[in-house]
Structure formats: C-alpha cells, structure tokens
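Read off the chains here:
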Amino acid sequence: MIKQYPLYEQYEVAKIEDYGYKEHRFTKILYKIIRYLVIIFAVFLMYIPIFTIFLQSINSSTITSEFGSVTLKWYVNIFTKGSLLTAIRNTVFISIWATMISTLLGTLFAIGISTLERKTKRHIMLLNNIPLLNADIVSGIGLMLIFSSLVHFFPYFFGWKTMLLAHIFFTLPYVVLSVLPKLREIDPNLFEASLDLGVKPYPSLYKVIIPAIKAGIFSGMILAFTMSFDDFVISYYTTGNGFDNLSIWIYSSMGRKSLSPSVYAFSTLVTIVFFALLIISNLLQGRRHHNENN
Amino acid sequence: MNKYFKKLAIPYFVWLYILAIIPFMFMVILSFVSNEGLDFSAAIFTLENFGHLTASSTVIAFMNSFFYAVIATIVCIVIGYMVAYAIFRSHFKNKFLVMTILILPMWSNMLLRIEALKNLMEPHNIITDLLAKIGINLSLNIAGTPLAVIIGLISTYIPFMILSIYTALEKIDYSLEEAALDLGLTETKKFWKVIFPLSIKGIVSGSIMVFLPCMSGFAIPEILGQGNILLIGNVIDQHFRNMNYNLGSLLAVVILVVILAAILLVSKFDKEGETLI
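Only a predicted model underlies this, so the values are computations on that prediction, with no experimental measurement involved.

Right, let's get into the overall build of chain A. Assigned secondary structure in chain A consists of 13 helices and zero strands. For chain A, the succession of helices and strands along the chain, N to C, is α-α-α-α-α-α-α-α-α-α-α-α-α. What you see for chain A is a C-alpha radius of gyration of 28 Å, clearly larger than the 19 Å of a compact globule of 294 residues, by over 25%. Its C-alpha atoms put chain A at 110 × 70 × 40 Å along the principal axes. Considering chain A as a whole, with its 294 residues, one finds that 38% of them fall into the buried category. Summarising the internal contacts of chain A: among those between residues at least 6 apart in sequence, 77% fall at separations of at least 24.

Below you can see the structure in the form of structure tokens.
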C-alpha cells in the first residue's frame, strides 16, 4: 500500500518571504534596544530629582554638595521650624478649600454647560480653556491687576483671600473638563423618570445625576488638588501681606540661599504618602472588582 | 433636564469674563499708556512701549524662549511617545497604575525638583560625593548653560506629554488594529497608518501643554540658568518687580497672542477638550 502523504508535504512549502515580506530582524532588535534606552533615560530624568531630594533629606550635612551621615533629624525639624510649618499649613489650607469650592461649583457649572446649545457651549468651552492653557505668568499678572483694582473697595484684600480666589480660578476648568464627559454618558430618561415620579428638579439633581457622575467629580477633585498644591507662579503674583505657600517659601529661601533641608524631608514624606495612597486605592479597587466578579 | 439647569452656567460665564477676559483688556490698555503702577490719573497715551519690543535684549529673550521651548517639545514628543507606547503595549494588568507611578515625581514640588537638578549639575554634588566614597570619580559641570535649562524643562514637563499621548492611545478602538492586520498590514505599517494618525490629537495637546509653560516659565531658567539665560518669562517678571507695568503688560499680551493661537488649535483638533487633562 502506498503511503498517502498529505498534499502540502509533497511540495516545498512557500516561505512568507516569497510573498515579498521582509523580516527586518536587525532593525527590530535595534529598535528594541533604543526603546529600552529611551525608557530608562526618561525614568532617570524624571526620578533623579526625587532621588536627590531623598538623599538630601537624610543627609546630616547642611552643605548640599556633601554627604555626611544618615540622619532623620530633618524629619523632626519639619515640626519645629516655624516658618516652614506655617508655609505648609497655608498650602494645605488653600489647596483644601480651593479643591472643595471648585469641585462643588465646577460640578454645578458643568451640569449647566451640558444643557446649553451647541454654539453657546463651544463659546464657554473656549473660555474654559483659557485658564487651563494660559501661561501661568500671564494668568497671575492678570489676576493681580484685577485684584489690585479692587483694593480700593476691599482694603487688606491681598493675602489668603486673593490666593484662594486665584486657586479656585485655575482649578475650576479641570473639574468642569472631568465632569462634562460623564454627563454626556448618562441617560436623560433617568432624570425624566425621577421628575415623573414626583421629585423636584434640584432634589433629583442630587439624587439621580450626581451619583451617576461621581467618578468624574472625584477625578476632577484629585486634579484640582494636585494643581493647587504645587502651584507657584499664580500664587506668587496674587499673594500679599506675608502669606506664603510652600512654593513661595521655597522660592524666597532659595533667593536667600538658606533652604532648610527640612523641606526636602517634607517633600520626601509627601511623595511617600502619595505613593502609599495610590497603592492602597488600587488594592481596594482590585478587591472590589474581585468581589463583583464573584 | 435642559430647561431646569441652564441658569447654572450663567455664573461661570460671568466669572470667566471677569477673571479671564477683563485682565486681558486691562493689559492691552496698560501697554498703550505710560503711568505709574496702576494709577491712571496721570496716564498718557503712548506707543513708546512698542519701541522696547525691538530692543535687542527683548528680541534675544523671545528667540531663546522659542528655541528652548521647541527643542524641549520635540525631545518630549519623541521620548514621551516611546514611553507612552511602551506602556500601552505592555502586558501589565493595571497599566494606569504603572502610568501613575511613572509620573509620580510630578506630585512633588516643582521648584524643589529644579533646585535638586541644579545641585546635580554643579561639579561637586551629593551623588559625585557618594560615588567618590566608593572610588568612582565623575564630574559634570553644566550648571548655568543652555543645556542645563533644556534638561530642566524636559524633566519637568515630560509627564504631561506622556499622559496626554497615553490618553489618546487608550482611546483607539482595538478592532481597528485587528482590521488593519486582517487587511494584511505588517506591524510597522499598522503603526504608521492606523495608530499614529489616531494619536496625533494627543501629541498636539501634549505639545501645547509642554510648549507653553516652557516658553513662558521663569523659575526654571532663573534657577538652572543662574542668571546667564533670560527667557521672556524672566523679562516679564523683572518688569513687574520694577513696577514697570506698561512694558510687562505689553510682553504678556504678546505671549497671550501665541497662547490664543494655541487655544484655537486645540479647539480645532479636540472640540470638547477631552485630551487636555
């Protein structure tokens, strides 16, 4: 009996190259190496300042170019160095209030914007992009000019009040931009249904719409907080009466060449806290997903 | 929903007009007059300020700002695209977490990071000191040079580029890629014909978010340039510190024109501003 070979084994199998395909193996390997180098370079570029700040924070020598021995005294000094502590307190005060106010107002504004006609909407979104894209220095100067022209009516206005207003001004667009896409996703019938069931418009806004856009509000809030916490230029122009936030304090200490290593310690602490929060929130989220899947 | 909440947007219009539009008009007026600070009682109309625009120091500052910002933006696009694409293609379970950890440095104070970079660029710094202790002698002296400023700009603003390119990549429908492969494209062709065109939106908004602060910032050139390098932000800051509001406002208005062009560009590419955050 003749063994029957399958047909394809009787002929030479065509290789993919015969169809004009080129493997480019060398270029692929080269690209891979370049890609890894670039990624390492990018991570290096972003992390080297953080690493230096960390080294500086455990360095017993106050000279920035020398490493003495490992110490934790700067971490203790955060709470004893008066001017730094005040600056930290001011930063926290301003950024928490600015975040709360702009989250609340930004959500309401976004709901208002979502109901506008197309043309008016485009108009307001263009205006909304101005604080977002404007150069910090131009925003800062603009706000300063407006606030200084109001000084006649409100003396002693400059200080935390102007800084808070300025922070609300530049954090609002972030909240509006985070909430708007969520509003587009919700089903308009939900709101109509709640009205049909006899709920008044504003209570149903609170009971129906707000829960549906919760995620957008939350991400807007986080963005607003980070922007406000780290701001320098706008705060620098709109503050007064010796009200310093952390950035302004760092800037003026640098000018006097008297930057205390405690601020490095504080910065390291903040980074660690952010990192921990990130990991914890991620773990919690993972668990929730796990529970939902079961 | 439409008829009930329309009025919620009205206060925002008022707020934006007062705090975003009126200051611009204020600055335009200031740039056409000559007065003391904000006292308009003795203001006289003059075009003298415009003469200062062509002064060599201002022109050099503008050119420098533009060049530094362009170089930093281009480097950020190349590196940022590669990093964002690598994360997008990686097999991590939670890519968003990897992304956030990558850009974690963004959350510590910018001025402090710049100060740390400046210290590293001095010939003697904490890392060379530590390395010398284990017998490696390494020295780098670029503090106060244009290279230092450009490195500072890239290091500070690259997270924005990575984030916005990544956001654009995430939004690409996977079935488009499958379709491209089904139609016989190779991986490289698929990238250039499908993925890259769809991620241009992210590149544009990322570039704007890198270019504008690079061009107008004054802290980075001041700290890393150690006074050798003046960008336009430094010039504006100096004028306002010397109470020369007229010239400062004029320069701010010039920057503003560039920014308005950028805003129009964004609204053309991205109607709802969804890649801006």
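Our focus in this paragraph is the overall build of chain B. Across its full length, chain B holds 13 helices and two strands. The proportion of buried residues among the 277 residues of chain B is 43%. Within chain B, residue pairs in contact and separated by at least 24 positions form 71% of the contacts whose partners lie at least 6 positions apart.

Before going further, it helps to spend a moment on helix H12 (residues 232-241) of chain B. Most of H12 of chain B sits out of view: eight of its 10 residues are buried. Along H12 of chain B, the positions that sit buried rather than exposed are Ile 232, Gly 233, Asn 234, Val 235, Ile 236, Asp 237, His 239 and Phe 240 of chain B.

The next subject is the interface of chain B and chain A. Often, the extent of an interface is quoted as the loss of accessible area on bringing the components together. Taken together, the contact pairs 76 residues of chain B with 77 residues of chain A. By residue number, the principal contributor to the side of chain B that touches chain A is helix H2 (residues 10-32) of chain B, which donates 10 residues. For the side of chain B that touches chain A, the residue count by class is 53 nonpolar, 14 polar and nine charged.

This brings us to the environment of Phe 243 of chain A. Residue and element names in this part refer to chain A. Positionally, Phe 243 belongs in the loop between helix H11 (233-238) and helix H12 (246-255). In the structure, Phe 243 is positioned 152 residues away from Thr 91 in sequence and 9.9 Å away in space, judged by C-alpha atoms. When residues no more than four places from it in sequence are discounted, the contact partners of Phe 243 are Asn 90, Gly 159, Trp 160 and Met 163.

Our next topic: the environment of Glu 122 of chain B. Tracing the backbone through its elements, the reader meets Glu 122 of chain B in the loop between helix H6 (110-121) and helix H7 (126-133). Expressed as a C-alpha distance, the spacing of Glu 122 of chain B and Leu 140 of chain B, which sit 18 residues apart in the sequence, is 6.7 Å. In contact with Glu 122 of chain B, not counting residues within four places along its chain, are Ser 65 of chain A together with Ala 143 of chain B.

With that settled, the discussion passes to the packing of helix H8 (residues 146-170) of chain B against helix H10 (residues 187-216) of chain B. Residue and element names in this part refer to chain B. Two numbers describe how H8 lies on H10: the axes approach to 8 Å, and their chain directions differ by 160°. The orientation of H8 relative to H10 falls into the category roughly antiparallel. As for how H8 packs across H10, the hand of that crossing is right-handed. Residues Leu 153, Tyr 157, Phe 160, Met 161, Ser 164, Ile 165, Thr 167, Ala 168 and Leu 169 of H8 form the contact with H10, whose own contacting residues are Ser 199, Lys 201, Gly 202, Ile 203, Ser 205, Gly 206, Met 209, Val 210, Pro 213 and Cys 214. Residue composition of the contact of H8 with H10, grouped by class: 12 nonpolar, six polar and one charged.

The next thing to look at is the packing of helix H5 (residues 118-133) of chain A against H2 of chain B. Two quantities define a packed helix pair, namely the angle between the axes and the distance from one axis to the other. The contact between H5 of chain A and H2 of chain B brings their axes to 10 Å, and the two run at 45°. By the criterion of interaxial angle, the relationship of H5 of chain A to H2 of chain B is oblique. The way H5 of chain A lies across H2 of chain B gives a crossing that is left-handed. Here Ile 124, Leu 127, Asn 128, Ile 130 and Pro 131 of chain A of H5 of chain A come into contact with H2 of chain B, specifically with Tyr 12, Phe 13, Leu 16 and Ala 20 of chain B. Split into classes, the residues belonging to the contact of H5 of chain A with H2 of chain B amount to eight nonpolar, one polar and no charged.

Residue and element names in this part refer to chain A. Relative to the helices and strands, Ile 88 resides in helix H4 (residues 82-114). For the pair formed by Ile 88 and Phe 266, sequence separation is 178 residues and the distance between their alpha carbons is 9.0 Å. Among residues more than four places away in sequence, those in contact with Ile 88 are Leu 246 and Phe 266.

A few words on the confidence of the model for chain B. Residues at a pLDDT of 70 or more form 93% of chain B, whose mean pLDDT is 83. On the interface metric, ipTM, the complex scores 0.83, and its pTM is 0.85.

Quick notes on the rules
- Residues numbered from 1 in each chain as written.
- Chains lettered and ligands numbered in written order.
- Predicted model: local features only at pLDDT ≥ 70, side-chain atom pairs only at ≥ 80, totals over all residues.
- Helix = DSSP H or I, 4+ residues; strand = E, 2+ residues; numbered from the N terminus.
- Rg over C-alpha atoms; globule rule 2.2 N^0.38 Å.
- Buried ≥ 20, exposed ≤ 12 C-beta atoms within 10 Å, placed from the backbone.
- Contact = placed C-beta atoms within 7 Å.
- Nonpolar A, V, L, I, M, F, W, Y, C, P; charged D, E, K, R; others polar.
- Axes fitted to C-alpha atoms, helices over the stretch in contact; angles between N-to-C directions.
- Parallel < 35°, antiparallel > 145°, perpendicular 65-115°, else oblique.
- Left-handed = near helix turned anticlockwise from the far one by under 90°.
- pLDDT = per-residue confidence, 0-100.

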